[in-house]
Amino acid sequence: MTRRNLITGGAGFLGSHLVDRLMEAGEEVICLDNFYSGRKDNIRHWLGHANFELIRHDVTEPIRLEIDRIWHLACPASPVHYQSNPIKTAKTSFLGTYNMLGLARRVGARLLLASTSEVYGDPEVHPQPESYRGCVNTIGIRSCYDEGKRIAETLCFDYQRMHGTEIRVMRIFNTYGPRMLPDDGRVVSNFIVQALQGQSLTLYGDGSQTRSFCYVDDLIEGMIRLMNGDHTGPINIGNPGEFTIRQLAERVRERIQPGLELTTQPLPQDDPLQRQPVIDLARELLDWEPKVSLHEGLESTIAYFRERLRAGR
Ligand code: NAD
Ligand code: UDP
């Protein structure tokens, strides 16, 4: 029998790439999304396929489905999106994860939570291993997301301890690639779209803060290995190559239009100064490491946005 997968947030950036991988492997996929930051276009190519179903639903409401695996990705990931309705973001993380764990328990499904490097907050330990407990402001503008993911992790482990629910917890570091929204607000899509439109690139702060960028294909491979393996996690999945935001801007500009200006805007509150994953656990337990360099990943992401802007989408 083919495996029945529920992907919450399946019409979003990461979710739609996961849909592709599972559909290509011949599995059954139920894509559940409320289209808050996802788009039907991302999964349109599967509509009508016998193994695919699309459900418009909000994970803050319970749902009953017969499934074997839950890939729980539903939650806006861009600061612009998750801060536009922070109470909803906190509800999505808490109630959404609670509802999906309830479903997993009821039908005996395994649940993978898409957690985040944001559980480390503005880290005092660098790079960040899974054992680091983080430095999160409980009352700032990022807290709805950071604390939401922290309680989501807590719920997973309490369901495991109380009910024996099978869980997998993945801490995702900044990931980029085709199907990010042009107005998503995250740095890679912002810089590429600005450069393609001949605008200056907007550095928040002086651009000395760092991030480590993982290409989407690598990320999805890590996600699948974690779900299929025996290890609960939490496990960091990300690319350890660390860059300042200014370096990223320079790389994007150099590939698209070298003469463009870099302008500065105020650094948002609680913006983490540095971020880099330790991926020893993923290497050892999942035999996983990223393969796509920032250079290659930017090439295909730029090609995607170039085509999308040309087509006016
Ligand atoms: P995204 O915003 O593109 O996708 C999120 C999807 O969830 C969207 O399709 C959205 O419509 C849907 N959604 C949001 N709230 C919902 C709700 N209440 N009910 C049903 N659907 C809902 O973001 P993404 O980058 O694809 O992120 C996917 C997951 O991975 C998120 O949980 C995010 O926190 C996590 N993550 C992503 C990154 C990254 O760099 N991309 C980093 C860390 C963690
Ligand atoms: N950033 C920036 N210019 C932009 C968008 C973001 O300098 O146009 C910075 C942002 O302040 C942060 C980094 O880039 O330091 C990554 O931002 P993003 O929103 O992509 O992810 P997160 O902060 O959640 O890691």
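As a starting point, this report considers the structure included with it. (Residues numbered from 1 in each chain as written. Chains lettered and ligands numbered in written order. Predicted model: local features only at pLDDT ≥ 70, side-chain atom pairs only at ≥ 80, totals over all residues. Heavy atoms only, no water.)

Taken together, the side chains of Phe94, Tyr98 and Ile151 define a hydrophobic patch exposed on the protein surface, amounting to about 250 Å² of accessible area. Of note, Tyr98 is situated in helix 3 (residues 86–107). Residue classification places Tyr98 among the partly exposed positions, given a relative accessible area of 40%. (Patch = residues over 30% accessible without salt bridge, like charges linked within 9 Å, V, L, I, M, F, W, Y side chains within 5 Å. Areas by Shrake-Rupley, 256 points an atom, 1.4 Å probe, with all protein chains shown as cover. Salt bridge = Lys/Arg side-chain N within 4 Å of Asp/Glu carboxyl O. Helix = DSSP H or I, 4+ residues; strand = E, 2+ residues; numbered from the N terminus. Buried < 20%, exposed > 50% of the residue type's maximum accessible area, 1.4 Å probe, protein only.)

This part takes up the site of ligand 1. Taken together, 29 residues are adjacent to ligand 1, and Asp33, Ser37, Leu73, Tyr145 and Lys149 come closest. In this structure, an oxygen atom belonging to ligand 1 sits 2.9 Å away from a main-chain N or O atom of Phe13. Lys149 is positioned such that a nitrogen or oxygen atom in its side chain is 2.8 Å from an oxygen atom of ligand 1. Only helix 1 (13–24), strand 5 (110–116) and helix 4 (143–163) provide two or more residues apiece to the shell around ligand 1. Of all the elements, strand 5 adds the most residues to the shell around ligand 1, at three residues. (Near = heavy atom within 4 Å. Polar contact = N/O pair within 3.5 Å; in protein donor to acceptor, adjacent residues only side chain to side chain.)

Attention now goes to the packing of helix 5 (residues 187–196) against helix 7 (residues 245–256). Interhelical geometry of helix 5 versus helix 7 gives an angle of 35° and a closest axis separation of 10 Å. Once helix 5 is placed against helix 7, the crossing between them reads as right-handed. From helix 5, Val187, Val188, Phe191, Ile192, Ala195 and Leu196 reach across to helix 7, where they touch Ile245, Leu248, Ala249, Val252 and Ile256. Partitioned by chemical class, the residues of the contact of helix 5 with helix 7 number eleven nonpolar, no polar and no charged. (Axes fitted to C-alpha atoms, helices over the stretch in contact; angles between N-to-C directions. Left-handed = near helix turned anticlockwise from the far one by under 90°. Contact = heavy atoms within 4.5 Å. Nonpolar A, V, L, I, M, F, W, Y, C, P; charged D, E, K, R; others polar.)

What follows deals with the nonpolar core. Nonpolar side chains in soluble globular proteins tend to end up buried together. Counting 59 residues, the largest nonpolar core has Leu18, Trp71, Leu219, Met223 and Val252 as its most contacted members. If one sorts the elements of this core by residue count, helix 6 (residues 216–228) sits on top with seven residues. If near-sequence neighbours (up to four positions away) are discounted, Leu219 is found in contact with Leu14, Met170, Ile172, Thr175, Cys214 and Ile237. Ile30, Leu65, Leu113 and Cys156 belong to the second-largest nonpolar core, a separate cluster that totals 23 residues. (Core = buried A, V, L, I, M, F, W, Y, C linked by side-chain atoms within 4.5 Å.)

In short, shape yes, function no, at least from these values alone.
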